[in-house]
Amino acid sequence: MGLSFFSTILFIQLEENSPITSEHLNFIKDFTHETAENTSFRFFEALSLWDIIALAATAISVYYAVKTYLSQSNTEQNTKKLTNEAQKNLLEELIKHLYRNMVITYTMKTKLEKANFDAYPSEEHFIKLTIPLENIHVDVFYGNDIEFKNINDLYIAFRNFNLEIDVIINHFRNPNVDIQTKERDIKTLLFKNGLLASNIIKTLNEIWPIEDKDFYPLKAVSLIEEKINKDSDDSIKDFYNKAEIDNYKPYDNKDDMFIKSIFKGDPEKFFSWFNKDVIIETYKENNSGGEKIHLIKY
């Protein structure tokens, strides 16, 4: 039908060698009307009910497939616009996590020494020390070799830290592992949290450089300050008394990487905040009235 129709038009054009006249238009109108009457709905009349259902299902599937594709494309575009800045913010926030890691680790050390290592910290306390690797989006930096290497090195360091925690958990729940090994494990955790915080500062300066090299350390101090315990000294006087009775040994390692890389301008502030937080973690009860850091007897 279609080919005959257009052939007729072409024939008229060639024969007259002139534009289509009103007579030609009337011919086209009559031809189209007759064709429509002969073909209306015959395609659908030839289909069975199941054919129509299948066609409808296919149309719906195509619709949702296209809709999903468009939605994913929009999400990917939005992620590309937001993730680089979001990644920087996540790294900055991780420094707070590492500070709290150190507080918990030194609290465990304090309680273990008091218990002569005849007990071990509940595994949950170690698990909470792990770093959420899903917060590191290496793929954001594809296409930039230097930035990709920097963020990938950081990711590997975090992964290795988590693996070390798995090993340390196995050491502590095994009563046959010697005390020296467990002491070394605690020392490793204290060191690694400061080291990783220092690595984050280095990565921030390399990927998101700012002329003021103290910008990121000062911001990290500000973020940590949000996390420290705000109880007044008077309100925790009993905890300080207990710490004195137990011969609490304040943390004072001036070679700690938190001091060298972040609190380098004011180490005493770090020690003041840190030891206060440890004393509170050691002696203050949790919301259930139990110990914040629970030791399990072998």
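The rules behind each value
- Residues numbered from 1 in each chain as written.
- Predicted model: local features only at pLDDT ≥ 70, side-chain atom pairs only at ≥ 80, totals over all residues.
- Heavy atoms only, no water.
- Patch = residues over 30% accessible without salt bridge, like charges linked within 9 Å, V, L, I, M, F, W, Y side chains within 5 Å.
- Areas by Shrake-Rupley, 256 points an atom, 1.4 Å probe, with all protein chains shown as cover.
- Salt bridge = Lys/Arg side-chain N within 4 Å of Asp/Glu carboxyl O.
- Helix = DSSP H or I, 4+ residues; strand = E, 2+ residues; numbered from the N terminus.
- Buried < 20%, exposed > 50% of the residue type's maximum accessible area, 1.4 Å probe, protein only.
- 1 Å grid on protein atoms, 1.4 Å probe; cavity = no way out; pocket = protein on both sides within 12 Å on 5 of 7 lines; lining within 4 Å.
- Points joined across faces, edges and corners; volume = space filled by probe spheres on them.
- Nonpolar A, V, L, I, M, F, W, Y, C, P; charged D, E, K, R; others polar.
- Phe/Tyr/Trp six-rings, centres within 6.5 Å; stacked < 30°, edge-to-face > 60°.

A contiguous nonpolar surface patch, about 390 Å² in accessible area, is contributed by Leu49, Trp50 and Ile53. Here Leu49 lies in helix H4 (residues 49–114). Accessibility expressed as a relative area gives 59% for Leu49, which makes it exposed.

Further remarks concern the layout of surface pockets. The calculated volume of the largest pocket comes to roughly 400 Å³. Among the secondary structure elements, those contributing two or more residues to the lining of the largest pocket are H4, helix H9 (237–245) and helix H11 (267–283). Considering each element in turn, the lining of the largest pocket owes the most residues, six residues, to H4. Residues belonging to the lining of the largest pocket are distributed by class as follows: six nonpolar, three polar and ten charged. Within this model, the second largest pocket holds a volume of roughly 330 Å³. Lys109, Lys187, Leu190, Tyr251 and Asn253 are the residues nearest the centre of the second largest pocket, which is lined by 16 residues in total. Elements with a minimum of two residues in the lining of the second largest pocket: H4 and helix H7 (179–207).

Taken as a whole and judged by the stated rule, the model has 15 salt bridges. Linking Glu281 and Arg100 is a salt bridge whose minimum nitrogen-to-oxygen distance equals 2.8 Å. Of this pair, Glu281 sits in helix H11 while Arg100 sits in helix H4, and the two are 181 residues apart along the sequence. When its relative accessible area of 19% is taken as the criterion, Arg100 is described as buried. Across the pair Lys111 and Glu291 runs a salt bridge, and its minimum N-O distance is 3.1 Å.

One pass over the full model with this rule turns up 18 aromatic pairs. Ring geometry for Tyr106 and Tyr248: centres 6.2 Å apart, planes at 90 degrees, overall edge-to-face. Highlighted residues: Tyr106 in helix H4 and Tyr248 in the loop between H9 and helix H10 (257–261), separated in sequence by 142 residues. Taking the relative accessible area as the measure of exposure, Tyr248 reaches 14% and is therefore buried. Measuring from ring centre to ring centre gives 5.2 Å for Phe215 and Tyr216, while their planes differ by 80 degrees; the resulting arrangement is edge-to-face. A relative accessible area of 3% places Tyr216 in the buried class.

Shape is all these values report; function is a separate question.
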